[in-house]
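# A structural walkthrough
This is what each chain is made of:
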Amino acid sequence: ILTVPSSSMLISQPDSSTSFLMFLPPGPIRRPIFSGLIFTVWMRGAYLLISDRGNSRVIEVDPIGNIVWQFPPAGYSGRIPFWQNDDAFFAPDGRHITTNEEFEHTIQVIDRKTDTVSWYYGTPYVAGSGPNLLNRPDDAYMLPDGRIVAADIRNCRVVLINSDMRLTQLGHTG
């Protein structure tokens, strides 16, 4: 368990097939909402965002474990595939969720109100380092200014991506 700012916690299974980001408001711990052989998550009256790679979906559950939102919705056919998402994070605006799909080589920004991908970066199933290419993106997170920051693992760089598809990087590709 890794604790990120004081009100958040990121939890991953040892096999990295599922990651969680939860926001914990002040207050007493009330009850566990998710139990498994690998870990137990205790909540304090907050919602939990789960990136469920095995089922290629992102779900949000309430404090007692009810699914209150899911992406993709039934019958979804987006502009690009949504398959084996690795991570999911609430954006600072509360409306969007960022995901990265390592094996698809894409980062997607989901609009929770419209249940659509509002923008994405990467060419599905094509790894690379050129324009609109990534190679195993990880931990895609939206900054307050709307840019996405992510590790581009196999390219050995950190990328910053604008919604207009402009990419800047930290580190040297290689």
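Remember, it's a predicted structure, so these values are computed and weren't measured experimentally. (Residues numbered from 1 in each chain as written. Predicted model: local features only at pLDDT ≥ 70, side-chain atom pairs only at ≥ 80, totals over all residues. Heavy atoms only, no water.)

### Quick notes on the packing of aromatic side chains
Within the structure shown, the criterion is met by five aromatic pairs. Taken together, a centroid distance of 4.9 Å and an interplanar angle of 65° make the contact between Phe71 and Tyr76 edge-to-face. According to the relative accessible area criterion, Phe71 is buried, its value standing at 0%. Assessed through its relative accessible area of 24%, Tyr76 is described here as partly exposed. Aromatic side chains Phe71 and Phe82 sit 5.0 Å apart centroid to centroid with 90° between the ring planes, which places their arrangement in the edge-to-face category. You can see Phe71 sitting in strand β8 (residues 67–71) and its partner Phe82 sitting in the loop between β8 and β9 (87–90), a full 11 residues away along the chain. (Phe/Tyr/Trp six-rings, centres within 6.5 Å; stacked < 30°, edge-to-face > 60°. Buried < 20%, exposed > 50% of the residue type's maximum accessible area, 1.4 Å probe, protein only. Helix = DSSP H or I, 4+ residues; strand = E, 2+ residues; numbered from the N terminus.)

### Details of the pairing of strand β7 (residues 57–61)
Across the five residues of β7, four count as buried, placing the element largely inside the fold. With five bridges joining them, strand β6 (residues 48–52) and β7 adopt antiparallel strand pairing. Each bridged residue has a counterpart across the sheet, and for Asp52 the counterpart in β7 is Arg57. Between β6 and β7, which pair antiparallel one after the other, the connecting turn spans four residues, and Ser56 there sits at a positive phi close to 50°. Linking β7 to β8, which pair antiparallel, is a turn of five residues; within it Gly65 sits at a positive phi near 100°. (Pairing = 2+ DSSP bridges.)

### Overview of the environment of Pro73
In this structure, Pro73 sits in the loop between β8 and β9. With a relative accessible area of 26%, Pro73 lands in the partly exposed category. Through-space distance from the C-alpha of Pro73 to that of Asp115 is 7.0 Å; in sequence the pair is 42 residues apart.

### Section: the sheet that holds β9
In sheet architecture, strand pairing relies on hydrogen bonds along the backbone and comes in two forms, parallel and antiparallel. Pairing in this open sheet of four strands is antiparallel, and the strands run β9-β10-β11-β12 from one edge to the other. Edge positions in the sheet fall to β9 and β12 (116–121), since each has one partner strand and no second. Ignoring strand direction, the axes of neighbouring strands in this sheet form an average angle of 20°. The pairing of strand β11 (residues 106–111) with β12 spans five bridges and is antiparallel. Residue Ile110 lies in a different strand from β12, and its bridge partner there is Val117. (Axes fitted to C-alpha atoms, helices over the stretch in contact; angles between N-to-C directions.)

### Looking at the confidence of the model for the protein chain
Interpretation of the predicted coordinates at a detailed level should be avoided for regions scoring low in pLDDT. In this model, the protein chain carries a mean pLDDT of 79, and residues with pLDDT of at least 70 account for 74%. Across residues 1–20, confidence stays below pLDDT 50; counting only partners more than four residues off in sequence or on other chains, it has 49 contacts. Low confidence marks residues 23–44, where pLDDT is under 50. Its contacts with residues over four positions away, or in another chain, come to 51 contacts. (pLDDT = per-residue confidence, 0-100. Contact = heavy atoms within 4.5 Å.)

### A few points about unusual backbone geometry
A cis amide bond, omega 0°, links Phe71 with the succeeding residue Pro72. Within the secondary structure, Pro72 sits in the loop between β8 and β9. Within the chain, Asp115 stands out as a residue other than glycine whose phi angle is a positive 55°. Here Asp115 lies in the loop between β11 and β12. Classification of Asp115 as partly exposed rests on a relative accessible area of 23%. Despite not being glycine, Arg136 has its phi angle at roughly 65°, a positive value. Within the secondary structure, Arg136 is located in the loop between β12 and β13 (137–142).

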